[in-house]
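Secondary and tertiary structure notes
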Amino acid sequence: MSKSLRAALVCGGRFHDFDYARLELLKHLAEDPRVRTRVLDDWSRTDAWGAADFLVTYTCDLRPTPEQADALARFVEDGGRWFALHGTNSILEFDGAKVRCPRLAPRFMQTLGSQFLAHPPIRPYRVTVSDPSHPLVKGIEAFDANDELYLSEFHGPVKTLLETRFGGATPGFDPPAWNDDAVRPVLYLHDVGKGQVLYLTLGHCRGHHDMQPLIEHYPVIERGSWELPVFRELLRRGLAWAKSESL
């Protein structure tokens, strides 16, 4: 008889279609009948995700308290695996027409290995494989993602598995431009104590009502990389990694 696995899915925040992302992630989690998932919409239930075998997050501007950030760090340091998606590393504040990303949760970002700072307007960009021999990306071919291209600062060493390059304007953000055409990690591993974080920056999604109160009716429905078979394959591999299945 196979052993059940306890998953915690934290999905919530601002400016994204969390109903869509939550349902899609639950579908992927349900592909393995061993997995029993607790669904949460903030960081407050440290008892729930602290007792999980692995943690999956899809959030945006969801800020843990210092105590919750300490608990997240201990979860990974003690050997836990955390599969973090898209906006989990974001903190956003609006200053008129500008978006700022203040460094208000240092331990949280240190555990994740990065903090989001800006993205250019959504348009297709090329994603390439950094380490073709790694099981998480072995056999993955370069692909185009019509998604938010995350520009981040990094905390501690990360092992980049997928990457892109970018230098140019990031209108609406402070700073408004990134002048160096540098490598930008898209998928990376970050060691924390006995455990690891796997971060995938892809996965933007937004519906008509997800920019309130800034915009009453957002004009288009955005599904980003969710529409790509390769993104679904990366999700499956990420979840297999989180379950410690030979990846």
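Numbering of residues begins from 1 in every chain and follows the order in which that chain's sequence is written. Local features in this predicted model are restricted to residues whose pLDDT is 70 or higher, and side-chain atom pairs enter the listing and the counts only when it is 80 or higher, whereas totals over whole chains, interfaces and linings include all residues. The side-chain values count all of the structure's non-hydrogen atoms but skip hydrogen atoms and water molecules.

Description of the packing of aromatic side chains
How we decide: Centre distance within 6.5 Å is the pairing criterion for rings of Phe, Tyr and Trp, where only the six-membered ring of Trp is used; planes under 30 degrees apart are then read as stacked, over 60 as edge-to-face, and the remainder as tilted. Strands here are runs of E lasting at least two residues and helices are runs of H or I lasting at least four, both read from the DSSP assignment and numbered beginning at the N terminus. Only protein chains enter the calculation, and the probe is 1.4 Å; a residue is then buried if its accessible area is under 20% of its type maximum, exposed if over 50%, and partly exposed in between.
Tallied over the full model, the rule gives 13 aromatic pairs. Measuring from ring centre to ring centre gives 6.4 Å for W49 and F75, while their planes differ by 90 degrees; the resulting arrangement is edge-to-face. You can see W49 sitting in helix α2 (residues 46–50) and its partner F75 sitting in helix α3 (residues 66–77), a full 26 residues away along the chain. Pairing F116 with Y150 gives two aromatic rings, centres 4.4 Å apart and planes at 45 degrees, and the pair type is tilted. Here Y150 lies in the loop between β9 (143–147) and β10 (151–154) and F116 lies in strand β7 (residues 114–118), a separation of 34 residues in the sequence. For F116, a relative accessible area of 3% puts it in the buried group. Residue classification places Y150 among the buried residues on the basis of a relative accessible area of 5%. Among the aromatic side chains, those forming a connected cluster through ring pairs are F18, Y20, Y58, W226 and F231.

A look at the packing of helix α1 (residues 18–30) against helix α5 (residues 229–242)
Note the following rule: Here an angle of 0 to 180 degrees is reported between the N-to-C directions of two axes, which are lines fitted to C-alpha atoms, with helices fitted over the stretch in contact. An angle below 35 degrees is read as roughly parallel, one above 145 as roughly antiparallel, one from 65 to 115 as roughly perpendicular, and any other as oblique. Handedness of each helix crossing follows the sense of rotation of the near helix against the far helix: counterclockwise by less than a right angle gives left-handed, clockwise gives right-handed. Whether two residues touch is decided by their heavy atoms; if any such pair falls within 4.5 Å, the residues are in contact. Nonpolar residues are Ala, Val, Leu, Ile, Met, Phe, Trp, Tyr, Cys and Pro. Charged residues are Asp, Glu, Lys and Arg, and all others, Gly as well, are polar.
Taken N-terminus to C-terminus, the directions of α1 and α5 make an angle of 60 degrees; their axes are 10 Å apart at the nearest point. Comparing their axes, α5 and α1 come out oblique. Read as a crossing pair, α1 and α5 show a hand that is right-handed. On α5, the residues that touch Y20, E24, L25, H28 and L29 of α1 are R232, L235, R236 and L239. Grouping the amino acids of the contact of α1 with α5 by side-chain chemistry returns five nonpolar, one polar and three charged.

Quick word on the pairing of strand β8 (residues 123–129)
Spelled out, the test is: Pairing between two strands is assigned when DSSP locates at least 2 bridges connecting them.
Across five bridges, the pairing between β8 and β9 is antiparallel. Within β9, the position partnered with P124 by the bridge is N146. Inspection of the sheet shows β8 paired to strand β11 (residues 159–169) by two bridges, in the antiparallel sense. Opposite T128, over in β11, you have E163 as the bridge partner.

Examining the nonpolar core
To be explicit about the condition: Residues enter a nonpolar core if they are buried and are Ala, Val, Leu, Ile, Met, Phe, Trp, Tyr or Cys, with the set joined through side-chain atoms within 4.5 Å.
In this structure, F54, Y58, F83, F143, L200 and W226 are the most contacted members of the largest nonpolar core, which totals 55 residues. Broken down by element, the residue count for this core peaks at seven residues, all from α5. Non-local contacts of F54, meaning those with residues more than four positions away in its chain, are made with L5, R6, A7, A8, L29, V35, F75, R81, L239, A242 and K243. Formed by 25 residues, the second largest nonpolar core is a distinct cluster that contains L40, W43, A69 and Y199.

Taken by themselves, the reported measurements are silent on function.
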